[in-house]
Amino acid sequence: MITVKAHPVPPESVVLSSHAETLQVEGTVQLTATVYPSDVTDPSIVWTTSDASVATVDETGLVTAVAPGNCVITATCQDKSDACTITVEAPVVLPDSVVLSSHAETLQVEGTVQLTATVYPADVTDPSIVWTTSDASVATVDETGLVTAVAPGTCVITATCQDKSDACAITVEAPVILPDSVVLSSHAETLQVEGTVQLTATVYPADVTDPSIVWTTSDASVATVDETGLVTAVAPGTCVITATCQDKSDACTITVEAPVVLPDSVVLSSHAETL
């Protein structure tokens, strides 16, 4: 009896399903290896890794990422092989929250405030912040969080890290205009006891933010003044009435004289004489 054995068919090539993969730590990818020709006598594959501290591979071609780094997974059939480069990245840490240094600011036109944004946790993979304003006609914000007031109004500045954000309400006020001077309608007045005079105070410039006047007397026993600038004489003497607007003022000297007593009659010592 003669036994005829089949001629062994050796592999000509091994082709992997992928030649480069990027994984996160603990991530996996299933590689498959195809041996050509399809009738190879022994198509069994041996899987190996160039660095098991970076990624491992089991007998089925399942690759598991271990730690950040690079390695090569090789599938070998007899003397033929193919390889896949594996890149393992650090795990992606997403932000839990974004916290601004301030949640409300009031500025004058052209004023600025520096906002800072802190991303939690501290080891977020991508902590970059995108700054936006709800109304650039009121206030703008640059890529560093510097807010610049443009015109009176309100808007919201938002700092965003991926899908987390925090916001700061911005109120822009008209510029404060301070008084240059206060000018009284009179700088000297003479009154009788119980007499009055109305003083008026004009504040310059006309568009001062707060033109309110505070009236004071240097001696209320001589003359008083009310909140409208009405001066009332009390007793003979002199005093100074002052009108003050913030750090500017003007004054009027008040002289109060004793009341003039007019004669009621004249009586002679005699109304008839014979000489």
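Everything that follows concerns the structure shown earlier in this document.
Notes on the structure follow. Bear in mind that the values here come from a model prediction, so they are computed numbers and not experimental data.

## Observations concerning the overall build of the chain
Looking only at helices and strands, the chain features zero helices and 27 strands. The C-alpha atoms of the chain give a radius of gyration of 48 Å, which is well past the 19 Å a tight globule of 275 residues would have. If one aligns the C-alpha atoms of the chain with their principal axes, the spans along those axes are about 205 × 30 × 20 Å. A sequence separation of at least 24 residues applies to 56% of the contacts in the chain between residues at least 6 apart. Carbon and sulfur atoms make up 55% of the accessible area of the chain, which totals about 16,200 Å². Between the mean site of the 4 positive side-chain charges and the mean site of the 35 negative ones, the chain shows a separation of 34 Å.

## As for unusual backbone geometry
Put simply, tyrosine 120 and proline 121 share a cis peptide bond, and its omega is -5°. Assignment of secondary structure puts proline 121 in the loop between strand 13 (117-120) and strand 14 (130-133). Cis geometry is found at the peptide bond from tyrosine 204 to proline 205, where omega equals -5°. Although it is not a glycine, glutamine 78 adopts a positive phi angle of roughly 55°. Here glutamine 78 is to be found in the loop between strand 8 (69-77) and strand 9 (80-89).

## Quick look at the sheet that holds strand 5 (residues 46-49)
A sheet is described by the order of its strands in space; here four strands give the open sequence 2-9-8-5, paired in mixed fashion. Since the sheet does not close on itself, it has two edges, and those belong to strand 2 (20-24) and strand 5, each with one partner. Put simply, the sheet's adjacent strands are angled 25° from each other on average, direction ignored. One ladder, built from nine bridges, connects strand 8 with strand 9; its direction is antiparallel.

## Focus: the pairing of strand 26 (residues 237-245)
With four bridges connecting them, strand 23 (residues 214-217) and strand 26 associate as antiparallel partners. Bridge pairing links threonine 217 to isoleucine 241 in strand 26. Where strand 26 meets strand 27 (residues 248-257), nine bridges bridge the pair, whose relative direction is antiparallel. Bridging across to strand 27, threonine 238 finds its partner in threonine 255. Between the antiparallel neighbours strand 26 and strand 27 lie two residues, among them glutamine 246 with a positive phi of about 55°.

Thresholds applied
Residues numbered from 1 in each chain as written. Predicted model: local features only at pLDDT ≥ 70, side-chain atom pairs only at ≥ 80, totals over all residues. Heavy atoms only, no water. Helix = DSSP H or I, 4+ residues; strand = E, 2+ residues; numbered from the N terminus. Rg over C-alpha atoms; globule rule 2.2 N^0.38 Å. Contact = heavy atoms within 4.5 Å. Areas by Shrake-Rupley, 256 points an atom, 1.4 Å probe, with all protein chains shown as cover. Lys, Arg positive; Asp, Glu negative; His and termini not counted. Charge placed at Lys NZ, Arg CZ, Asp CG, Glu CD. Pairing = 2+ DSSP bridges. Axes fitted to C-alpha atoms, helices over the stretch in contact; angles between N-to-C directions.

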